[in-house]
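# Coordinate analysis (summary)
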Amino acid sequence: QVQLVESGGGLVQPGGSLRLSCAASGAILSIASTSWYRQAPGKQRELVATITSDGSPNYSDSVKGRFTISRDNAGNMVNLQMNSLRLGDTAVYYCYVNTVFRRGYWGQGTQVTVSS
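Read on for an overview of the structure. (Residues numbered from 1 in each chain as written. Predicted model: local features only at pLDDT ≥ 70, side-chain atom pairs only at ≥ 80, totals over all residues. Heavy atoms only, no water.)

### As for the pattern of salt bridges
A full pass over the atoms with the stated rule returns 4 salt bridges. Several salt bridges share partner residues, and in doing so they unite R38, E46, R66 and D89 into one network. (Salt bridge = Lys/Arg side-chain N within 4 Å of Asp/Glu carboxyl O.)

### Remarks on unusual backbone geometry
The phi dihedral of S84 falls on the positive side, at around 50 degrees, and the residue is not glycine. For S84, the location among the structural elements is in the loop between β8 (77–82) and β9 (91–99). (Helix = DSSP H or I, 4+ residues; strand = E, 2+ residues; numbered from the N terminus.)

### So, the sheet that holds strand β3 (residues 18–26)
The 4 strands are arranged β1-β3-β8-β7 in an open sheet whose pairing can be described as antiparallel. The two strands at the open ends of the sheet, each matched to only one other strand, are β1 (2–7) and β7 (67–71). When the angles between neighbouring strand axes are averaged without regard to direction, this sheet yields 15 degrees. In terms of strand pairing, β7 meets β8 through 5 bridges, oriented antiparallel. Along β8, the bridge assignment pairs R71 with V78. (Pairing = 2+ DSSP bridges. Axes fitted to C-alpha atoms, helices over the stretch in contact; angles between N-to-C directions.)

### Digging into the state of the cysteines
Summed over all chains, the structure comprises 1 disulfide. In this model, C22 is linked to C95 through a disulfide, with the two sulfur atoms separated by 2.0 Å. Where C22 bonds to C95 through sulfur, the torsion about that S-S bond is close to -80 degrees, and the disulfide is left-handed. Residue C22 is located in strand β3, and its partner C95 is located in strand β9; the two are separated by 73 residues in the primary sequence. By relative accessible area, which is 0% here, C95 ends up buried. (Disulfide = S-S within 2.5 Å. Buried < 20%, exposed > 50% of the residue type's maximum accessible area, 1.4 Å probe, protein only.)

### Things to note about the packing of aromatic side chains
Evaluation of the coordinates by the stated rule reveals 4 aromatic pairs. Measuring from centroid to centroid gives 5.9 Å for Y37 and Y96, while their planes differ by 85 degrees, and the two rings are edge-to-face. Of this pair, Y37 sits in strand β4 (residues 31–39) while Y96 is found in strand β9, placing the two residues 59 residues apart along the sequence. The residues Y37 and Y96 share a single accessibility class, namely buried. Between the aromatic rings of Y94 and W106, the centroid separation amounts to 6.2 Å while the plane-to-plane angle is 90 degrees, which identifies the pairing as edge-to-face. With Y94 in strand β9 and W106 in strand β10 (residues 104–106), the pair connects residues that are 12 residues apart, well separated along the chain. Classification of Y94 by relative accessible area gives buried; the value is 15%. Every member of this aromatic cluster is reached through a ring pair, and the members are Y37, Y94, Y96 and W106. Sitting over the ring of W106, R45 keeps its end group 4.5 Å from the ring centre. (Phe/Tyr/Trp six-rings, centres within 6.5 Å; stacked < 30°, edge-to-face > 60°. Lys NZ or Arg CZ within 6 Å of the ring centre and 35° of its normal.)

So this is what it looks like as C-alpha cells:
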C-alpha cells in the first residue's frame, strides 16, 4: 500500500503562487506515476498534471505554462509549483498515485483558494 499526505494549500491572490507537496510512504518503489487532480465545488474532479517514475511530465491545457510538476530522486515527494494563479484554479487538490500493480491511491486533499 501507499500512503499520501498533501500539504501547501492556502489562500492566495490572483497572479500569486503556491507550491503543493505530496509525500508518499509505504510501497513507494511500486509507484508508476503520480498525478495531481483538482475538484472545484459543483464540478467533476479533473486531472491537472502527471509525472511518471522516470520524470516525464504532462499537463492539462488549462495549467500548461503556469504549473510545474516535479519529483525528488528518492521518489517519495512530488511537488506542484503553481504560478500565475487564477480564480478558476480554486479547488481542492488531490494527489494520486498509480502503481505497477494497477492500484491507485488518493491523498486527503488540500484546499487552494484564489481570491482577491
